[in-house]
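Here's the letter readout for the chains.
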Amino acid sequence: MPDALSSMPEPGSAADVVRTWNARADRYLRLFRDELDGKPFDREMLRAFAGRVGEGGRVYDAGCGPCGHVTELLAVRGLDVLGIDLSPRCVALARQEKPGCRFAVMDQRDIAEERLDGLVSYYSLHDQPKRDLATTLTSWAAVLRPGGQLLIVAKEGSGDEVINDPLGGDLRVYWAEFTAYELRTAAGDAGFRVDDCTVREAYDDEIPTRRIHLAATRGAA
């Protein structure tokens, strides 16, 4: 019979993301339910993204988490948006929090839909190894129409390993960080034109790590 360690999913795998987020979703919701209220820069970046996509545009909020706040903000701006997350618990909580929005259990690395007008990744890349970045961005390019819009928000750094959960408790989670150069390069290699890449300082109530906001446009097929 395998021991507990040998039966654990591979760190950073889809199964591992489900395991860790099912376990931490309720705590995350309590901590970050209203986080966008105190982040004017983030709100403006999301509104600008919605403006570039245009009213009625079909968009995925990849890795929407349990709060559903990014999905809701985009929906209020007139987008046809679906929040997706690998964790069934995150999706269940998001549906309770934002009953007027749509959510589904789906792997952001294996999206079946085609010809979306836009995709937002709001801190959704941190749960997977950095070696998967190129594959993930290529898969996003495949589902976005030419001219489709991409917005990535990520924490700056060099981390790429299993760590103690930054939210507290005894959970171990996969944690990857990125540089602006890494994100710009991966986006360009995947067929995106990088339109803007802004790095902002952390707000006073955030973990003291700079945030990268990358806006890009899907190139011609």
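What counts and how
- Residues numbered from 1 in each chain as written.
- Predicted model: local features only at pLDDT ≥ 70, side-chain atom pairs only at ≥ 80, totals over all residues.
- Heavy atoms only, no water.
- Axes fitted to C-alpha atoms, helices over the stretch in contact; angles between N-to-C directions.
- Helix = DSSP H or I, 4+ residues; strand = E, 2+ residues; numbered from the N terminus.
- Parallel < 35°, antiparallel > 145°, perpendicular 65-115°, else oblique.
- Left-handed = near helix turned anticlockwise from the far one by under 90°.
- Contact = heavy atoms within 4.5 Å.
- Nonpolar A, V, L, I, M, F, W, Y, C, P; charged D, E, K, R; others polar.
- Core = buried A, V, L, I, M, F, W, Y, C linked by side-chain atoms within 4.5 Å.
- Buried < 20%, exposed > 50% of the residue type's maximum accessible area, 1.4 Å probe, protein only.
- Expected span 1.5 Å × (residues − 1).
- Arc of directions from axis to C-beta.
- Pairing = 2+ DSSP bridges.

**Q** Describe in detail the packing of helix α2 (residues 40-53) against helix α3 (residues 69-76), supporting the description with residues and values.
**A** In the contact formed by α2 and α3, the axes pass within 9 Å of each other and the chain directions differ by 45 degrees. Classified by the angle their axes make, α2 and α3 are oblique. Where α2 crosses over α3, the handedness of that crossing is right-handed. Contact with α2, carried on its side by Arg-43, Leu-46, Arg-47, Phe-49 and Ala-50, involves Val-70, Leu-73 and Leu-74 of α3 and no other residues of that element. Of the residues that constitute the contact of α2 with α3, the class distribution is six nonpolar, no polar and two charged.

**Q** Which residues make up the nonpolar core, and what values do they have?
**A** Ranked by internal contacts, the top residues of the largest apolar core, which has 31 residues, are Leu-150, Ile-152 and Leu-183. If you list the elements that add at least two residues to this core, you get β1 (58-62), β2 (80-85), β4 (116-122), α5 (133-143), β5 (144-155), β7 (172-176), α6 (180-189) and β9 (211-218). With near-sequence residues (within four places) excluded, Leu-150 lies in contact with Phe-49, Leu-119, Leu-137, Trp-140, Leu-144, Phe-192, Leu-214, Ala-215 and Ala-216. With 17 residues, the next largest nonpolar core counts Leu-36, Met-45, Phe-49 and Val-59 among its residues.

**Q** Describe unusual backbone geometry, naming the residues involved and giving the relevant values.
**A** In this structure, Tyr-123 takes a positive phi of about 65 degrees despite not being glycine. Structurally, Tyr-123 is set in the loop between β4 and α5.

**Q** Any chance you could break down α2 for me, citing the residues and the numbers?
**A** A rise of 1.5 Å per residue sets the reference length of α2, with its 14 residues, at 20 Å; its end C-alpha atoms lie 20 Å apart and thus fit the reference within 8%. Where α2 is concerned, the buried positions are Asp-42, Met-45, Leu-46, Phe-49, Ala-50 and Val-53. End-on view of α2: buried residues confined to an arc of 140 degrees, all on one side of the axis. In the core, the buried residues of α2 are packed alongside β1, α3, β4, β5, β8 (192-200) and β9. Following α2 by one or two positions, Gly-54 has its phi on the positive side, about 95 degrees.

**Q** Give me the lowdown on the sheet that holds strand β3 (residues 102-105), citing residues and values where you can.
**A** Overall, mixed pairing links the seven strands, which are arranged β3-β2-β1-β4-β5-β9-β8 in an open sheet. Two strands close off the open sheet at either side, each with one partner strand: β3 and β8. For this sheet, the mean inter-axis angle between neighbouring strands, taken without regard to orientation, is 15 degrees. Its contacts with the sheet put α2 on β1, β4, β5, β8 and β9, and the angle it makes with β5 is roughly 175 degrees. This element, α5, spans β4, β5, β8 and β9 of the sheet and lies at about 145 degrees to β5.

None of this, on its own, says anything about what the molecule does.
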